[in-house]
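These are the residues of each chain, in order.
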Amino acid sequence: MFPRARVIFLFSILVFLAEADFPVKDWWEKASFYQIYPRSFKDSDGDGIGDLNGITSKLSYLKELGIRGFWMSPIYASPMVDMGYDISDYRAIQPEYGTMTDFENLLVEARRLGLKVIMDLVPNHSSDKHEWFIKSEAGDPLYKDYYIWEDGLPNPNGGRNLPPSNWLQSFRGSAWQWSDQRQQYYLHMFAVQQPDLNYRNPKVIEEIDDIIRFWLDKGVDGFRIDAISNLVEIARSADGSYKDEPPSGLTDDKDDPAYLDHIYTQNQPETLEVLYHWREVVDQYQKEKGGDTRLLMAEAGGTLDILRTYYLSADGRLGAHMPFNFQMIFEVNKTSTAEDYERTIRNWMAMLPPGHTSNWVIGNHDRPRVGTRFGVNRIDVMNMMALCLPGVSVTYQGEEIGMTDVWISWEDTKDPGACNAGPDRYTEKSRDPCRTPFQWDDSAMAGFTQASQTWLPVGPEYRQVNVKLQNAERRSHLKTYKALMQLRLSKTFQYGSMQVNAINSDVLAITRELEGYNTYIVLMNLGDQTQVVNANNLVSDLPSKMRFEILDSSSHHVKGGLVYTDEISLLPHESYVLVARLAAVEQVHESMCEIWLE
């Protein structure tokens, strides 16, 4: 054997023996996911609206990031009252996004790049323009119970009956809408044009089962299930009435959904039964068709005890592979201390059922962006946190480059919740600011489109915050994000233990260890003062010096530089990853990389 061939052979044996005892992980358990908001990702035809061909043209960008799979907000046919979450045909593509052929081409390109495609399933409601609702409202015997229809309560003042209960929709006002045609109320937990489907009707469940199989047959790799907490409401009482929900005490505005405590309209036991059924549907599909696991992500809300039931039932029936972990969205904010983050992380990990995989979500299309919610000086901190914790990461488009919310005028407002709030209060409710076009470069319209106008305005900072610029800079949010994504592939981050510690109110530390492999310490200064940390208080038997492995975009340190383990300095809002104990197997791996590069 040639010397190099012998080294390669010995290295292969070493790696095989070292990895033989690692547990087998499913593809998604090791993955980083990316959320695409199709309307704002990339426009290919110059109409100012993102589309499928635009997404396809940029899939190589996701590959470069290190993304394994992506989920797209709805691309189905829709009147676009709620930007696609009001679906008029679950088996058709919204024309302004393209055609079914365009979607099939997207799947082909994704497969070529090794990317998994996740569809956004919207089962709670349809559009009022859907054939089912049109027939149901007309009293068609086959469809009359596809939705939730009620006569309402007697009106003591005479005239039309009153709504059946005090329930409120998410976009403000009553959740009951009167139909002159049918002379009854229908339930809508979202916009008036989004009537709720009736999951006490087995035919509705069969319809959604068929839709799931339709898209699986197309080749998608799973579904993100929208608003699943709202799927089933409490049943009528024996006397035919519905229970009113109690006031929450959070606001005096009786039309605001926050006015009520949603104990009868969210997280009902029957909702979970439907979810467990859908898990059986996708698992059975895999058994019949083969291939990789078809994934279920669930947009569920509630306490940690409730969220645990979205993973599995008390008797062990499986639910979603990934009930989204929104704790970093709802439990912490820009005033939170390191102790708050430690508690949030520990509580989630303590809730996680044994044998199940965690996930970390720090942003999405419904919440202000990370840089707006936490402050621009915490953009790298939050990405570092999400990518260095164990389990799956989910990134909303633009968070990797530090996009921030854009002010939207009343005239440009599209979000139904904002429109319902009126011109004086729309900014409190609007989700438009985090949905603006993706910033690809510093050309006109941020490289998003060739059009002279976009469906929502492009952010004014696009010349300073864009992919092209950050790829070219020596340090940037994007460069830090890519480095973190590479680090996630290491054995320590895939299989190692994790400890999270608040060193004080400002400094949070995440330690990742795996016997025989590198030890990493992630340090994040959330405060405005310089901090000094002794890492020996976090891990025993550390060497006297550690190496800077990954730095935030404004760190004053140098990658590869050394620091004394007992006196590590963190500037205000600085964050970085330190590495110690370079394992022999990894030293050989680095040497092999050098050999191959020669």
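Residues numbered from 1 in each chain as written. Predicted model: local features only at pLDDT ≥ 70, side-chain atom pairs only at ≥ 80, totals over all residues. Heavy atoms only, no water.

**Q** Sorry if this is basic, but what is going on with the packing of helix α13 (residues 379-388) against helix α17 (residues 477-487) here?
**A** Helices that pack against each other are described as a pair by the angle of their axes relative to one another and the distance between those axes. At a minimum axis distance of 10 Å, the contact between α13 and α17 shows a crossing angle of 10°. Between α13 and α17, the angle is such that the two are roughly parallel. On α17, the residues touching I379, D380, N383, M384, L387 and C388 of α13 are H477, T480, Y481, L484 and M485. For the contact of α13 with α17, a count of residues per class yields 7 nonpolar, 3 polar and 1 charged. (Axes fitted to C-alpha atoms, helices over the stretch in contact; angles between N-to-C directions. Helix = DSSP H or I, 4+ residues; strand = E, 2+ residues; numbered from the N terminus. Parallel < 35°, antiparallel > 145°, perpendicular 65-115°, else oblique. Contact = heavy atoms within 4.5 Å. Nonpolar A, V, L, I, M, F, W, Y, C, P; charged D, E, K, R; others polar.)

**Q** For this particular structure, what's the right way to read the sheet that holds strand β5 (residues 116-121)?
**A** Pairing between the strands of a sheet comes from backbone hydrogen bonds, and it takes one of two forms, parallel or antiparallel. Here 8 strands make up an open sheet; going across it, the order is β11-β10-β9-β5-β2-β1-β13-β12 and the pairing parallel. Since the sheet does not close on itself, it has two edges, and those belong to β11 (322-323) and β12 (359-361), each with one partner. Pairing geometry for strand β2 (residues 69-72) and β5, over 3 bridges, is parallel. Pairing of W71 across the sheet is with I118, part of β5. (Pairing = 2+ DSSP bridges.)

**Q** Just to check I follow, could you spell out the packing of aromatic side chains for this structure?
**A** Aromatic ring pairs are defined here through the distance separating the ring centres and the angle between the ring planes. Taken as a whole, this structure holds 33 aromatic pairs when the rule is applied. With a centroid separation of 5.8 Å and an interplanar angle of 25°, the aromatic rings of Y90 and W132 are classed as stacked. Linking Y90 in strand β4 (residues 89-93) with W132 in helix α6 (residues 131-137), this pair joins segments that are 42 residues apart in sequence. Relative to Y520, the ring of F493 has its centre 5.1 Å away and its plane inclined at 55°; by these criteria the two rings are tilted. Taken together, the residues F493 in helix α18 (residues 491-495) and Y520 in strand β16 (residues 519-525) connect sequence positions 27 residues apart. Look at F493 and you get buried, because its relative accessible area is 6%. Following the ring pairs from residue to residue traces out a cluster consisting of Y76, Y90, F103, W132, Y143, Y146, F214 and W215. The lysine or arginine in question, R91, covers the ring of F214, its NZ or CZ lying 5.8 Å from the ring centre. The ring of W27 carries K116 above its face, with NZ or CZ at 5.0 Å from the centroid. (Phe/Tyr/Trp six-rings, centres within 6.5 Å; stacked < 30°, edge-to-face > 60°. Buried < 20%, exposed > 50% of the residue type's maximum accessible area, 1.4 Å probe, protein only. Lys NZ or Arg CZ within 6 Å of the ring centre and 35° of its normal.)

**Q** Can you walk me through the pattern of salt bridges in this structure?
**A** Opposite charge on two side chains permits them to pair, given that their charged atoms come into close proximity. Counted according to the given criterion, the structure contains 30 salt bridges. One salt bridge connects D226 with R224, and the closest N-O pair in it is separated by 3.0 Å. A single burial state applies to D226 and to R224, both of which are buried. Measuring nitrogen to oxygen at the nearest pair gives 3.0 Å for the salt bridge that ties R279 to D283. In this pair, R279 and D283 both sit in helix α8 (residues 269-289), 4 residues apart, roughly one turn of the helix. By relative accessible area, which is 21% here, D283 ends up partly exposed. Shared partners join several salt bridges into a network, and the residues in it are D82, D366, D415, R431 and R435. (Salt bridge = Lys/Arg side-chain N within 4 Å of Asp/Glu carboxyl O.)

**Q** Quick question: what am I supposed to make of the environment of S452 here?
**A** Along the chain, S452 falls in the loop between α15 (426-429) and α16 (467-472). For S452 and L121, which are 331 residues apart along the polypeptide, the C-alpha to C-alpha distance reads 33 Å.

**Q** Looking at this structure, I do not really get the state of the cysteines. What am I missing?
**A** A covalent bond between the sulfur atoms of two cysteines is referred to as a disulfide. In this structure the tally under the stated criterion is 0 disulfides. C419 forms no disulfide, and the closest cysteine sulfur to it belongs to C434, at a distance of 15 Å. Since its relative accessible area comes to 2%, C434 is described here as buried. (Disulfide = S-S within 2.5 Å.)

**Q** Where do I start with the sheet that holds strand β15 (residues 507-513) in this structure?
**A** Judged by pairing direction, the sheet is antiparallel, and its 6 strands sit side by side in the order β14-β15-β16-β21-β18-β19 without closing on themselves. Sheet topology places β14 (497-502) and β19 (562-564) at the edges, where each strand pairs with a single neighbour. Direction aside, the axes of adjacent strands within the sheet are offset by 30° on average. Of the strand pairs in this sheet, strand β18 (residues 545-551) and strand β21 (residues 575-580) are connected by 4 bridges, and their pairing is antiparallel. Bridge assignment links I550 to a residue of β21, and that residue is V577. Against the sheet, α13 engages β15, β16 and β21, with an angle of about 40° to β21.

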